[in-house]
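# Structural overview
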Amino acid sequence: MRIGELSSRTGVHERLLRYYEKQGLLWPERAASGYRSYQESDVDTVLRIRRLLSAGLNTETIGQVLPCIRVKAGNLVPVCPEIIDDLQHQRERITRAIEELQASRDLLDAVIAAAPLTVSSSAAPASR
């Protein structure tokens, strides 16, 4: 199938599909004319890539774990024990990022709570 069909079937823009190829996540065949030719299995690969991106992994990590990820009963399942440590490290990284965002939100909540009642979000800053 051509890139336009893969894009339609996965909901992923053609530009992103080319990016995935550049990152080594997709390996389409090339016709003599230079057109990309995708296999039926590439639909599933793109969907796995999207799910792993949604899970917070970057494309470099996805490139390392993608060959060892399968879909079983709708869930992504690692089939190579050696990637579990990498996935654990990624989970820890995401947990730290969540904690930092929560601390930022808490600080912002404190700043908002300290605002005088007469200050509104649409009020202009006071002149000096």
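A brief structural summary. Please read all numbers here as calculations on a predicted model, not as lab measurements.

### Points about the packing of aromatic side chains
- Taken as a whole and assessed by the stated rule, the structure comprises one aromatic pair.
- Between the NZ or CZ atom of R2 and the centre of the ring of Y35, over which it lies, the distance is 4.0 Å.

### Points about the state of the cysteines
- Inspection of every chain in the model, using the stated rule, returns one disulfide.
- Across a sulfur-sulfur distance of 2.2 Å, C68 and C80 are joined as a disulfide pair. Taking the torsion about the S-S bond as the criterion, the C68 to C80 disulfide, at about -85°, is left-handed. Of this pair, C68 sits in the loop between α4 (59-65) and β3 (69-72) while C80 sits in the loop between β4 (75-78) and α5 (84-113); the two residues are 12 residues apart in sequence, bridging distant segments of the chain.

### Concerning the pattern of salt bridges
- The full count for this structure, using the stated rule, is six salt bridges.
- With a shortest N-O distance of 2.4 Å, E40 and R9 are connected by a salt bridge. Remark: R9 occurs in helix α1 (residues 3-10) and E40 occurs in the loop between β2 (36-37) and α3 (41-54); sequence separation between them is 31 residues.
- Through salt bridges with shared partners, one network takes in E5, R9 and E40.

Quick notes on the rules
Residues numbered from 1 in each chain as written. Predicted model: local features only at pLDDT ≥ 70, side-chain atom pairs only at ≥ 80, totals over all residues. Heavy atoms only, no water. Phe/Tyr/Trp six-rings, centres within 6.5 Å; stacked < 30°, edge-to-face > 60°. Lys NZ or Arg CZ within 6 Å of the ring centre and 35° of its normal. Disulfide = S-S within 2.5 Å. Helix = DSSP H or I, 4+ residues; strand = E, 2+ residues; numbered from the N terminus. Salt bridge = Lys/Arg side-chain N within 4 Å of Asp/Glu carboxyl O.

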